[in-house]
Amino acid sequence: MAKNTRKELPLAPSPMEDLPPIENHPLPPPPSLHTTSIRREKGIHISGLLFISAGILLMLSLCSHLFFWWTDYDILEQIQTLGIFSQTQTIVSNLGGRLGGYLSFLLINRSFGISALLFPIVLLMIGLHLLNIRHYSWFRVFFKCTFLLLWISLVLGSIFRNGFFSVLAGRLGYQCSLYLEGLIGTSGLYLLLLFSLLCFGVLAYNFRSTNLLKKSPKTPSSPPFSPNGKQEGNTTLSQEELAQKYTHTLSDFLSSENKDEDGLTLLQRTKPSANTEYPPVEQEKKTDSLSNPFAINLEETSPIEKDTEEVLPINSNIEDEHSNIEFSIVDTTKKKENIELATPNSSPRLEHFGIDTPFDPTLDLSDYQFPTIDLLEDFGDQSSKVQVLNEELLANKKKIIDTLKNYSIEISQIKATIGPTVTLYEIVPAAGVRINKIKNLEDDIALSLSALGIRIIAPIPGKGTIGIEVPNNNKQIVPMRDMLTSEKFLQGNFDLPIALGKTISNEAYVTDLSKMPHLLVAGATGQGKSVGLNAIIASLLYKKHPSELKFIMVDPKKVELSLFNKIERHYLAKLPDAEEAIITDTRKVVRTLNSLCIEMDNRYDLLKNAGVKNLKEYNKKFISRRLNPEEGHRFMPYIVLIIDEFADLIMTAGKEIEAPIARLAQLARAIGIHLVIATQRPSVNIITGTIKANFPARIAFKVSSKTDSRTILDSNGADQLIGRGDMLLSTGNELVRLQCAYIDTPEIERITEFIGNQRAYPSAYELPECPDESQTSVSREFSNDDRDPLFEEAAQLIVNTQQGSASLIQRKLKLGYNRAGRIIDQLEDAGIVGSFDGKKMREVKIQDPVALDEILKQL
């Protein structure tokens, strides 16, 4: 009886998906559309089986034709098309009968030769695709098969001109090769074939001819990022097998390095390169392994290798005055990490054949391919070229000790940790030394080291030491490719993972934007804010499917985010009537923010009806088909609002911008709307207290003054950075120094082109409609009876003089201050003057007396 009374929900919006039954809820019977869907699925399966059967039969026919073509040649040459069915007495040796023999004769003898074997392979691929066993990119399949069909035929036609094996080339290959040989000669024909093969390698497999000229062994390239964690191509490897393969290859390469008779590597005999900028100029590769990394004499001038994390004790042959101070070095600038396949946080691919399977939001773009890691610039071992000399470390150590000794400050231990751009010297002061005494010597230590950007951390949180950060003479960049192939990014279980850069210990810093939940980025011009925003966007593009993430991009400068126009229909969101998804007009920014507030309210209503507290729980409940789409429920993607220059918006719109930003920052976290705001003017009138209170996560690049640093971070330090990607990240309870990941404009172009060339949604993600405030009717907080008798006269005075001032009304109409103030409030309510923003006069919104008469008539 329970089964007869149980009823099911209607179907989900997607035409390929059905909702599962919900227990203990009497619902109407399933609609007839379910039967239609089942029939369509059966038809697709039958078509797949048909293509596979035809491919197998054609493959048998072609293979047998290669062995029996000379016996059936006379019969097949005389047979006509209709004779295949009518000549029942004709017997051929082909395994496919008369039909298979005739098709093989046409494809091999009359056309393409042995390359015709590609036809049954394509039929088999179509069948496997229809049966949902394997998925293919049909543009690539068509391109590769067409090229190989013609190229193989031409090659065989140029080799086998006469004789028994001429059938391998086919008539088409023979005639075309004969014509080309007469046109450009034999040498020209072979050069043409070689040129076409190289072009095919470049277009289909990203082949680079310069790879053949490299002397050092080539490390395996990173596999593409795919949603199912598999490598593209004919073979698939698990993550463990791929990691072991790459690690084994790298270890073989390092162990095969040549050493001289002293047991030292070639790198130990090489002087360091000149100072490199950000990004550094390409230099010659050097190997990076030591025969004995645990025995380094710091008195020599050989560079310190960067392939170990061990603490290296200093040699006993040190200056006498410093012999009682322990000095150790921790070098982490060349920490190796296994390159593995990325596993984006998307649902596993499921076959949707019934109503008992979970909802899959990625089905609309089921063939979407994540960007490959090859799109990013490969700096190779460029990071290993940036070396820190022993003499540099010893010199800095001596200067620090001497400077502290001049002020009667004794230390018992000092340790150097080498980072990408900064070396951290951790000192342990002697007993009885006050920390403030060392902290006040910041300028003196900077003077003695002759370095820019000395920063003292007293004490280091979680340690009993005092840190002195000193910039390296030779700085290295942090490529975005290294960040996206790091173990933390690949294996981290984050909802919105962003790879920001590397810490001073050379560890990849990956965090979750959904836990921040909003990010404020500030710094002076040219210090890396736009690069940091690009790194954040690229991190999300490499991890999230278009159905799971949408961006709202605001770019008042009009050039910083324009590259992302190509992914509009994949990842961007906009207003329904907007022409471009990337917003550059301030008036449209206000409408977009108000529309986003409406979207936030709508999402909260859906969460309330679903009985959940956040977006993650809601989507999980919707995927399990426990929510009815007919009641307005839908799968909701994350929305990330990115504003590249917040100061310009505040200067032009003021409160109209700050109010919705503050409201979104306060409430939008639970429903998956997160804000990333950047500005190059970190002043108190731009980053107000309301903004700071709702942005606990803040990034500060180099600024020009301590005041700006305190405005961003509520502490000093940002003014002591060295620039070019050097930044401080504050998460509310700690301050972390990072070197921002570097991603250049050509890399962004390649990523957006890769995504934009794929199949997309019909349009960008549409936000709720929001009326333009400038076109809305005036408010009616004041009734006609409440308005002052001199209201119209005061309105005409304000419009004629274009001065929205209460004192003007006092003087001209001879009124008191209180009555003039009430008239100004009534004029603001009617939309004639703007709100009070701290200036002496309000903005007059009506410029024409005729327009004023129309408003007065409406009132």
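Residues numbered from 1 in each chain as written. Predicted model: local features only at pLDDT ≥ 70, side-chain atom pairs only at ≥ 80, totals over all residues. Heavy atoms only, no water.

## As for the overall build of the protein
Then comes step 1: Helices and strands together make up the secondary structure of the protein, namely 27 helices and 17 strands.
Then comes step 2: For the protein, the residues scored as buried account for 50% of the 859 residues in total.
Then comes step 3: Of the contacts made within the protein by residues no fewer than 6 positions apart, 68% connect residues no fewer than 24 positions apart.
Then comes step 4: Here the protein has roughly 42300 Å² of accessible surface; of this, 54% comes from carbon and sulfur atoms. (Helix = DSSP H or I, 4+ residues; strand = E, 2+ residues; numbered from the N terminus. Buried < 20%, exposed > 50% of the residue type's maximum accessible area, 1.4 Å probe, protein only. Contact = heavy atoms within 4.5 Å. Areas by Shrake-Rupley, 256 points an atom, 1.4 Å probe, with all protein chains shown as cover.)

## Examining the pairing of strand β16 (residues 735-740)
Then comes step 1: Most of β16 sits out of view: five of its six residues are buried.
Then comes step 2: Relative to β16, strand β15 (residues 726-730) runs antiparallel, the two being bridged by five bridges. From the neighbouring strand, L728 faces β16, where its bridge partner is R737. (Pairing = 2+ DSSP bridges.)

## A closer look at the packing of aromatic side chains
Here a ring pair, both rings aromatic, is described through the centre-centre distance and the interplanar angle of the planes.
Then comes step 1: Across all of its chains, the model carries nine aromatic pairs by this definition.
Then comes step 2: Note on F359 and F635: the rings are 6.5 Å apart at their centroids and 45 degrees apart in plane angle, and the pair reads as tilted. Within this pair, whereas F359 is found in the loop between β2 (326-331) and α9 (382-385), its partner F635 is found in the loop between α18 (615-623) and β12 (638-643), the two being separated by 276 residues in sequence. For the pair F359 and F635, one class covers both residues: buried.
Then comes step 3: With a centroid separation of 6.4 Å and an interplanar angle of 50 degrees, the aromatic rings of F551 and Y571 are classed as tilted. Within this pair, whereas F551 is found in strand β10 (residues 549-554), its partner Y571 is found in helix α16 (residues 568-571), the two being separated by 20 residues in sequence. The residues F551 and Y571 share a single accessibility class, namely buried. (Phe/Tyr/Trp six-rings, centres within 6.5 Å; stacked < 30°, edge-to-face > 60°.)

## Notes on the pattern of salt bridges
Close approach of charged atoms allows side chains with opposite charge to pair.
Then comes step 1: If you walk through the whole model with that rule in mind, you get 27 salt bridges.
Then comes step 2: A salt bridge links R759 to D367; the nearest nitrogen and oxygen atoms lie 3.1 Å apart. In this pair, R759 sits in the loop between α23 (745-756) and β17 (765-766) while D367 sits in the loop between β2 and α9, placing the two residues 392 residues apart along the sequence.
Then comes step 3: Residue classification places R759 among the partly exposed positions, given a relative accessible area of 44%.
Then comes step 4: Across the salt bridge formed by D585 and R587, the nearest N and O atoms sit 3.2 Å from each other.
Then comes step 5: D585 gets classed as partly exposed once you look at its relative accessible area, which sits at 25%.
Then comes step 6: With relative accessibility at 63%, the residue R587 sits in the exposed group.
Then comes step 7: Each of R455, E469, D726 and R737 takes part in salt bridges that share partners, so that together they form one network. (Salt bridge = Lys/Arg side-chain N within 4 Å of Asp/Glu carboxyl O.)

## What to know about the sheet that holds strand β7 (residues 497-503)
Then comes step 1: An order of β8-β7-β16-β15-β14-β9-β13-β12-β10 is seen for the nine strands of this open sheet, with the pairing classed as mixed. Both edges of this open sheet fall to β8 (508-512) and β10, since each of them pairs with a single strand only. When strand polarity is set aside, the average angle formed by the axes of neighbouring strands in this sheet is 30 degrees.
Then comes step 2: Both β7 and β16 contribute to a ladder of three bridges, which runs antiparallel. Directly across from T503, in β16, lies its bridge partner L738.
Then comes step 3: Across the sheet, helix α22 (residues 706-713) lies against β9 (519-522), β14 (697-701), β15 and β16, angled at about 160 degrees from β14, the strand it touches most. (Axes fitted to C-alpha atoms, helices over the stretch in contact; angles between N-to-C directions.)

## Details of a negative patch on the surface
Then comes step 1: A cluster of acidic side chains, namely E792, D848, D853 and E854, defines a negative patch on the protein surface.
Then comes step 2: By the secondary structure assignment, E792 is in helix α24 (residues 791-801).
Then comes step 3: Look at E792 and you get partly exposed, because its relative accessible area is 45%. (Patch = residues over 30% accessible without salt bridge, like charges linked within 9 Å, V, L, I, M, F, W, Y side chains within 5 Å. Lys, Arg positive; Asp, Glu negative; His and termini not counted. Charge placed at Lys NZ, Arg CZ, Asp CG, Glu CD.)

## Things to note about α24
Then comes step 1: Of the positions making up α24, those classed as buried are F791, A794, A795, L797, I798 and V799.
Then comes step 2: Taken together, the buried residues of α24 touch α25 (806-813), α26 (817-829) and α27 (849-858).
Then comes step 3: Once α24 ends, the next one or two residues include Q802, with phi positive near 55 degrees.

## Describing unusual backbone geometry
Then comes step 1: The amide bond that connects M516 to the next residue, P517, takes the cis arrangement and shows omega of -5 degrees.
Then comes step 2: Its location among the elements puts P517 in the loop between β8 and β9.
Then comes step 3: Positive phi, close to 65 degrees, is recorded for D714, a residue that is not glycine.
Then comes step 4: With respect to the helices and strands, the residue D714 is situated in the loop between α22 and β15.
Then comes step 5: The residue R724 is not glycine, and still its phi comes out positive at about 55 degrees.
Then comes step 6: Along the chain, the position of R724 falls in the loop between α22 and β15.

## Looking at the environment of D360
Then comes step 1: Residue position: D360 is located in the loop between β2 and α9.
Then comes step 2: Separated by 264 residues in the primary sequence, D360 and S624 have C-alpha atoms spaced 9.5 Å apart.

## Points about the confidence of the model for the protein
The predicted structure's coordinates, where accompanied by low pLDDT, should not be read in detail.
Then comes step 1: When pLDDT is averaged along the protein, the result is 76; 72% of the residues meet or exceed 70.
Then comes step 2: Mean pLDDT across the elements of the protein ranges from a minimum in strand β1 (residues 311-313), with 38, to a maximum in β12, with 96.
Then comes step 3: Between residues 334-348, whose pLDDT stays under 50, and residues either more than four places distant or in other chains, the model counts 66 contacts.
Then comes step 4: Here residues 774-780 scores under 50 on pLDDT; set against residues more than four positions off or in separate chains, the count is twelve contacts. (pLDDT = per-residue confidence, 0-100.)

## As for the nonpolar core
In globular proteins that are soluble, nonpolar side chains generally tend to be buried together.
Then comes step 1: Counting residues in hydrophobic clusters, the biggest one holds 118 residues, and the most contacted among them are L500, F551, I657 and I661.
Then comes step 2: Take this core: its biggest share by element is nine residues, from helix α17 (residues 586-610).
Then comes step 3: The contact partners of F551, leaving out residues within four places of it in the chain, are I537, L540, L541, Y571, L572, A573, V640 and I642.
Then comes step 4: In terms of nonpolar packing, the next biggest core, distinct from the first, is built from 23 residues, F791, A795, L827 and L856 among them. (Core = buried A, V, L, I, M, F, W, Y, C linked by side-chain atoms within 4.5 Å.)

## Considering the packing of α24 against α25
Then comes step 1: Where α24 contacts α25, the axes come no closer than 11 Å and their chain directions differ by 115 degrees. The hand of the α24/α25 crossing is right-handed. Contacts between α24 and α25 pair E793, A794, L797, I798 and T801 from the former with L808, I809, K812 and L813 from the latter.
Then comes step 2: Across the contact of α24 with α25, the residue classes tally to six nonpolar, one polar and two charged. (Left-handed = near helix turned anticlockwise from the far one by under 90°. Nonpolar A, V, L, I, M, F, W, Y, C, P; charged D, E, K, R; others polar.)

## Some remarks on a nonpolar patch on the surface
Then comes step 1: On the surface, Y179, L183, I184, L192 and F195 cluster together into a nonpolar patch covering about 550 Å² of accessible area.
Then comes step 2: Among the structural elements, L192 can be located in helix α7 (residues 170-205).
Then comes step 3: With relative accessibility at 36%, the residue L192 sits in the partly exposed group.

## Thoughts on helix α10 (residues 390-406)
Then comes step 1: In a regular helix each residue adds 1.5 Å, so 17 residues correspond to 24 Å; α10 covers 24 Å between its end C-alpha atoms and thus fits that length.
Then comes step 2: Of the residues making up α10, those classed as buried are N390, E392, L393, L394, N396, K397, I400, I401, T403 and L404.
Then comes step 3: At the exit of α10 stands S408, carrying a positive phi of roughly 60 degrees. (Expected span 1.5 Å × (residues − 1).)

## A few points about the packing of helix α5 (residues 118-130) against helix α6 (residues 138-159)
Then comes step 1: Interaxial distance between α5 and α6 falls to 11 Å at its minimum, and their mutual angle equals 170 degrees. Of the possible angle classes, the one that applies to α5 and α6 is roughly antiparallel. Between α5 and α6, the contacting residues are L118, F119, V122, M125, I126 and H129 on the first element and W138, V141, C145, L148 and L149 on the second.
Then comes step 2: Of the residues assigned to the contact of α5 with α6, the class counts are ten nonpolar, one polar and no charged. (Parallel < 35°, antiparallel > 145°, perpendicular 65-115°, else oblique.)

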